[in-house]
Amino acid sequence: FKSDATQEPSTPKPKARLQPEVVMYTTPTCGYCHRAKAYFNQHGISFTELDVTQSSQARRQFKALNGRGVPLIVIGDQRIPCFNKAAIDRILGLP
């Protein structure tokens, strides 16, 4: 197939910044866990929730991370041992 139409050079689109993996260790009754989930959802942040009361694998991972309380939030290789908006924003580069 041959086209006689001249094409405009395509302008490269800016690359979207990839979000690091976000994992949050929780329990069903944790108020700060509910706040963190709401914050992530409000800001369109994808995350994986691991309930340490329901999953033995999640419990083992939590202990391996020296988890002492929930929520324990892990963003990439950064560990946040509570719900700390400033730390989350800084790590994810949010305004």
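Residues numbered from 1 in each chain as written. Predicted model: local features only at pLDDT ≥ 70, side-chain atom pairs only at ≥ 80, totals over all residues. Heavy atoms only, no water.

Draft legend 1. Representation of the packing of aromatic side chains within the structure. Summed over all chains, the structure comprises three aromatic pairs. Between tyrosine 25 and phenylalanine 62, the aromatic rings sit 6.0 Å apart at their centres with planes inclined by 50°, giving tilted as the arrangement. Placement of the pair is tyrosine 25 in strand 1 (residues 22–26) and phenylalanine 62 in helix 2 (residues 56–64), with a sequence separation of 37 residues. Accessibility classification places tyrosine 25 together with phenylalanine 62 in one group, the buried group. (Phe/Tyr/Trp six-rings, centres within 6.5 Å; stacked < 30°, edge-to-face > 60°. Helix = DSSP H or I, 4+ residues; strand = E, 2+ residues; numbered from the N terminus. Buried < 20%, exposed > 50% of the residue type's maximum accessible area, 1.4 Å probe, protein only.)

Draft legend 2. Focus on the sheet that holds strand 1. Ordered by their spatial adjacency, four strands build an open sheet running 2-1-3-4, and the pairing between neighbours is mixed. Each of the sheet's edge strands pairs with one partner strand only, and the pair in question is strand 2 (48–51) and strand 4 (78–80). Taking each pair of neighbouring strands and ignoring which way they run, the sheet shows an average axis angle of 20°. Sheet analysis places strand 1 next to strand 3 (residues 72–75), joined by four bridges and oriented antiparallel. (Pairing = 2+ DSSP bridges. Axes fitted to C-alpha atoms, helices over the stretch in contact; angles between N-to-C directions.)

Draft legend 3. Focus on the pattern of salt bridges. Scanning all chains against the criterion turns up one salt bridge. The partner of glutamate 49 in a salt bridge is lysine 37, and the shortest N-O contact between them spans 3.1 Å. Placement of the pair is glutamate 49 in strand 2 and lysine 37 in helix 1 (residues 31–42), with a sequence separation of 12 residues. Note on glutamate 49: relative accessible area 36%, which makes it partly exposed. Given the relative accessible area of 18%, lysine 37 is considered buried. (Salt bridge = Lys/Arg side-chain N within 4 Å of Asp/Glu carboxyl O.)

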